[in-house]
Amino acid sequence: MSFSRAVKIAPSILSADFANFGAECRAVEAEGADWIHVDVMDGHFVPNITFGPATCAAIRPHIKGVMDVHLMIAPVDPYLETFAKAGADILTAHLESGPHVHRTLQTIRALGCKAGLAINPATGIDAVPHLLDDIDLICVMTVNPGFGGQKLIPAMMGKIAALREMVGDRPIHIEIDGGVTEANAASLTAAGADVLVAGSAIFKGGSVTNPAPYGANIRALRAAALGD
Ligand code: DX5
Ligand code: ZN
């Protein structure tokens, strides 16, 4: 994975057809997705359950590009190796997932993955300067994690800008996760985001048998993000 700050659109398969993940991943990639965002939830760290490493491994052959795995699980450390073996390119763990997130990030890199740090809406960013040498991506949660289809929390805009300034010229992606739409994409990239995760905004109106709306949604989001 080479680093670029160009805008990347990452469909979240949380909004896909759960009986058709392989076909859904192929469809959104064919329709222009840059990364595939995979939301793992445990019913403990977040109030919802999705799937685990076996599903990630099953999905992997259907993704040509980057598989971006967002781990909403606690504890997270005991499962990192299994998710790395499942083929994740990026493994993102939450700052709130345990007391030793620094160790978690180092373990992720040692396993050969890019290390992502996700930050819940209510969590401050005071710890981030201490972690900058150990992260490849910061995932700013713009909704409380657990469910798709929520509204972006406006107070997160300042956090995005502050993180972008903190990152400076380091090769660290700023990813936005939750409530991303065509209407707010421009303000998100203007604040410093380069990866936009979107579930409902991309999968709305389409299906594996009718994937054209996915393409239209991705193009609309990208155009808005680029300020076109
Ligand atoms: C929320 C997940 C998100 C979610 C985004 O817990 O981490 O990735 O799928 O969905 P939308 O774009 O519908 O807010
Ligand atoms: Zn996510």
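Relevant structure appears above.
Being a predicted model, the structure only gives us computed values, none of them experimental.

Some thoughts on the overall build of the protein chain
Secondary structure summary: the protein chain contains eight helices and eight strands in total. Here the protein chain has a C-alpha radius of gyration of 16 Å; the compact-globule value for 228 residues is 17 Å, and the two agree. A principal-axis box enclosing the C-alpha atoms of the protein chain has dimensions of 45 × 40 × 35 Å. Per-residue burial for the protein chain yields a buried fraction of 53% across its 228 residues. Of the contacts made within the protein chain by residues no fewer than 6 positions apart, 66% connect residues no fewer than 24 positions apart. Of the roughly 9,300 Å² of accessible surface on the protein chain, 55% is carried by carbon and sulfur atoms. Charge-centre separation for the protein chain: the mean point of 16 positive side chains lies 3 Å from the mean point of 23 negative side chains.

Here's the deal with the nonpolar core
In terms of nonpolar packing, the biggest core is built from 65 residues, with Ile13, Leu91 and Ile138 touching the most fellow members. Broken down by element, this core gets its largest block of residues, five residues, from helix H8 (residues 212-225). Excluding residues within four positions of it along the chain, leucine 91 makes contact with Val69, Leu71, Leu80, Phe83, Ala84, Ile108, Cys113, Lys114, Ala115 and Gly116. Within the second largest apolar cluster, eleven residues are counted, among which are Trp35, Val66, Ala118 and Leu137.

Quick look at the pairing of strand S6 (residues 137-141)
Of all five residues making up S6, five are buried, and the element is well covered by its neighbours. On S6, burial covers both faces: Leu137, Cys139 and Met141 on one face and Ile138 and Val140 on the other are all buried. The sheet contact formed by strand S5 (residues 114-119) and S6 spans four bridges and is parallel. Bridge pairing in S6 places glycine 116 opposite leucine 137.

Points about the side chain of asparagine 184
Note on placement: asparagine 184 falls in the loop between strand S7 (173-177) and helix H6 (185-191). Excluding its chain neighbours within four sequence positions, the residues that come into contact with asparagine 184 are Leu152 and Gly179.

Considering the site of ligand 1
Around ligand 1, 20 residues are found, and the nearest of them are Asp39, Gly146, Asp177, Gly199 and Ser200. At 3.5 Å from an oxygen atom of ligand 1 is found a side-chain nitrogen or oxygen belonging to histidine 37. Glycine 146 places a main-chain nitrogen or oxygen 2.7 Å from an oxygen atom of ligand 1. Of all the secondary-structure elements, those providing two or more residues to the shell around ligand 1 are strand S2 (35-41), strand S3 (66-72) and strand S8 (195-198). Here the residues of the shell around ligand 1 are counted per class, giving eight nonpolar, ten polar and two charged.

Re the coordination of the zinc ion (ligand 2)
For the zinc ion (ligand 2), the full set of protein donor atoms is His37 (NE2), Asp39 (OD), His70 (ND1) and Asp177 (OD), and the range of their distances to it is 2.0 to 2.3 Å. Geometry at the zinc ion (ligand 2) is octahedral, judged from its six donor atoms and the angles of 67 to 171° they form at the metal. Look at where the donors of the zinc ion (ligand 2) fall in the sequence and you get H-x1-D-x30-H-x106-D. Residue aspartate 39 is found in strand S2, and its partner histidine 70 is found in strand S3; the two are separated by 31 residues along the sequence. Residues aspartate 39 and histidine 70 agree in their burial class; the two are buried.

As for the sheet that holds S3
The eight strands are arranged S1-S8-S7-S6-S5-S4-S3-S2 in an open sheet whose pairing can be described as parallel. One side of each edge strand has no neighbouring strand; the edge strands of this open sheet are strand S1 (8-11) and S2. Going across the sheet, the axis of each strand differs from the next one's by a mean of 25°, ignoring polarity. Where S6 meets S7, five bridges bridge the pair, whose relative direction is parallel. Bridging across to S7, cysteine 139 finds its partner in glutamate 175. Along the sheet face, helix H5 (residues 156-167) touches S5, S6 and S7 and points at about 170° away from the line of S6.

Here's the deal with helix H4 (residues 101-110)
Of the residues making up H4, those classed as buried are Val101, Thr104, Leu105 and Ile108. An end-on view of H4 places all buried positions within 95° of arc, on one side of the element. In this fold, the buried residues of H4 make contact with helix H3 (80-85), strand S4 (90-94) and S5.

Conventions we followed
- Residues numbered from 1 in each chain as written.
- Chains lettered and ligands numbered in written order.
- Predicted model: local features only at pLDDT ≥ 70, side-chain atom pairs only at ≥ 80, totals over all residues.
- Heavy atoms only, no water.
- Helix = DSSP H or I, 4+ residues; strand = E, 2+ residues; numbered from the N terminus.
- Rg over C-alpha atoms; globule rule 2.2 N^0.38 Å.
- Buried < 20%, exposed > 50% of the residue type's maximum accessible area, 1.4 Å probe, protein only.
- Contact = heavy atoms within 4.5 Å.
- Areas by Shrake-Rupley, 256 points an atom, 1.4 Å probe, with all protein chains shown as cover.
- Lys, Arg positive; Asp, Glu negative; His and termini not counted.
- Charge placed at Lys NZ, Arg CZ, Asp CG, Glu CD.
- Core = buried A, V, L, I, M, F, W, Y, C linked by side-chain atoms within 4.5 Å.
- Pairing = 2+ DSSP bridges.
- Near = heavy atom within 4 Å.
- Polar contact = N/O pair within 3.5 Å; in protein donor to acceptor, adjacent residues only side chain to side chain.
- Nonpolar A, V, L, I, M, F, W, Y, C, P; charged D, E, K, R; others polar.
- Donors = N, O, S within 2.8 Å, 3.2 Å for Na, K, Ca; no water.
- Tetrahedral: all angles 85-135°; square planar, octahedral: opposite > 155°, others 65-115°.
- Axes fitted to C-alpha atoms, helices over the stretch in contact; angles between N-to-C directions.
- Arc of directions from axis to C-beta.

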